[in-house]
Amino acid sequence: TLAYVGGSIAMAAVVSMKIIGYGWFLLFFDELFKGQLWRLITPYIFAGSFGFAFLTHVIFSVMFLPQLERKYLKHRGDLFIMLLFLWFSILVFSYIVGYHYYMTPQLLEALVYISCKNSTAIFSIWGIPVKGQYVPFVHLLIDILVGQSIIPGLIGIVSGRCQHF
């Protein structure tokens, strides 16, 4: 969690200070085939520049990623396999629908879905109590309310569901 959120903050700071353009963190297949292999990783970490969407990303990451880390504490290999599967499935589904440049929302939604799918715990999202199993769908509703597309969230939920099987 710390490395993921730290990487997101560092990338947002670099882009906000205009040291590097955000295009360096997105996935462009033509650039990837020219040897820019970091483009396979950075689209999953880069959460945009500082703003409300970035704040939401950090809050959800801090709320739900530690649960997955605790769940896989004794089986870190399983966590790695899960993340590798999510990386691949999000890449495929995002490419199919055309959202493959920037994949942080898909990954976050998949991780939230996996951490909450059987949860009966009550979470507080912006002060509203929500039963754990409904959190991914409330997150989609928040995306709609702030004017973002729900396609990346749906891709994340589908990827998280595929991981379940």
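Since the model is a prediction, treat every value here as computed from it, not as a measurement.

Participant: With reference to specific residues and values, describe the overall build of the protein.
Facilitator: Check the secondary structure of the protein and you find eight helices and two strands. For the protein, the N- to C-terminal ordering of α and β elements is α-α-α-α-α-α-β-β-α-α. Here the C-alpha coordinates of the protein stretch approximately 45 × 35 × 30 Å along the principal axes. Split into buried and exposed, the 165 residues of the protein put 42% on the buried side. Of the contacts formed within the protein by residues at least 6 apart in sequence, a portion of 65% connects residues at least 24 apart. Summed over all atoms, the accessible surface of the protein reaches about 9000 Å², with 71% contributed by carbon and sulfur.

Participant: Report on a nonpolar patch on the surface, specifying residues and quantitative values.
Facilitator: Residues F52, L55, W126, L141, I144, L145 and V146 make up a contiguous nonpolar surface patch of roughly 710 Å² in combined accessible area. If you list the elements that add at least two residues to the nonpolar patch, you get α4 (52-71) and α7 (135-145). Ranked by residue count, the leading element in the nonpolar patch is α7, at three residues. When you line up the elements, F52 lands in helix α4.

Participant: Tell me what's going on with the packing of aromatic side chains, and back it up with residues and numbers.
Facilitator: The geometry of an aromatic ring pair comes down to the distance between the two centres and the angle between the two planes. What the rule picks out here adds up to six aromatic pairs. Plain terms: the ring middles of F29 and Y95 are 5.3 Å apart, the flat faces sit at 90 degrees to each other, and that makes the pair edge-to-face. On the criterion of sequence distance, the pair formed by F29 in helix α2 (residues 29-32) and Y95 in helix α5 (residues 76-97) is long-range, its members being 66 residues apart. Measuring from ring centre to ring centre gives 5.1 Å for F50 and F54, while their planes differ by 90 degrees; the resulting arrangement is edge-to-face. Classification of F54 as buried rests on a relative accessible area of 7%.

Participant: So, the nonpolar core: which residues are in play, and what are the values?
Facilitator: Counting 17 residues, the largest nonpolar core has L68, M82, L86, I90, L107 and L111 as the members making the most contacts within it. For this core, the secondary structure elements donating two or more residues are α4, α5 and α6 (104-116). The element best represented in this core is α5, accounting for five residues. Ignoring sequence-local partners within four residues, the contact set of L68 consists of M82, L111, I114 and S115. Formed by 10 residues, the second largest nonpolar core is a distinct cluster that contains L108, V112, C116 and I142.

Participant: Quick one: what's the story with the pairing of strand β2 (residues 128-131), residue by residue and with numbers?
Facilitator: Residues in a regular strand project their side chains so that they alternate between the two faces of the sheet. For strand β1 (residues 122-125) and β2, the ladder comprises four bridges, and the chain directions are antiparallel. If you follow S124 over to β2, its bridge partner there is P129.

Scoring rules and cut-offs
Residues numbered from 1 in each chain as written. Predicted model: local features only at pLDDT ≥ 70, side-chain atom pairs only at ≥ 80, totals over all residues. Heavy atoms only, no water. Helix = DSSP H or I, 4+ residues; strand = E, 2+ residues; numbered from the N terminus. Buried < 20%, exposed > 50% of the residue type's maximum accessible area, 1.4 Å probe, protein only. Contact = heavy atoms within 4.5 Å. Areas by Shrake-Rupley, 256 points an atom, 1.4 Å probe, with all protein chains shown as cover. Patch = residues over 30% accessible without salt bridge, like charges linked within 9 Å, V, L, I, M, F, W, Y side chains within 5 Å. Salt bridge = Lys/Arg side-chain N within 4 Å of Asp/Glu carboxyl O. Phe/Tyr/Trp six-rings, centres within 6.5 Å; stacked < 30°, edge-to-face > 60°. Core = buried A, V, L, I, M, F, W, Y, C linked by side-chain atoms within 4.5 Å. Pairing = 2+ DSSP bridges.

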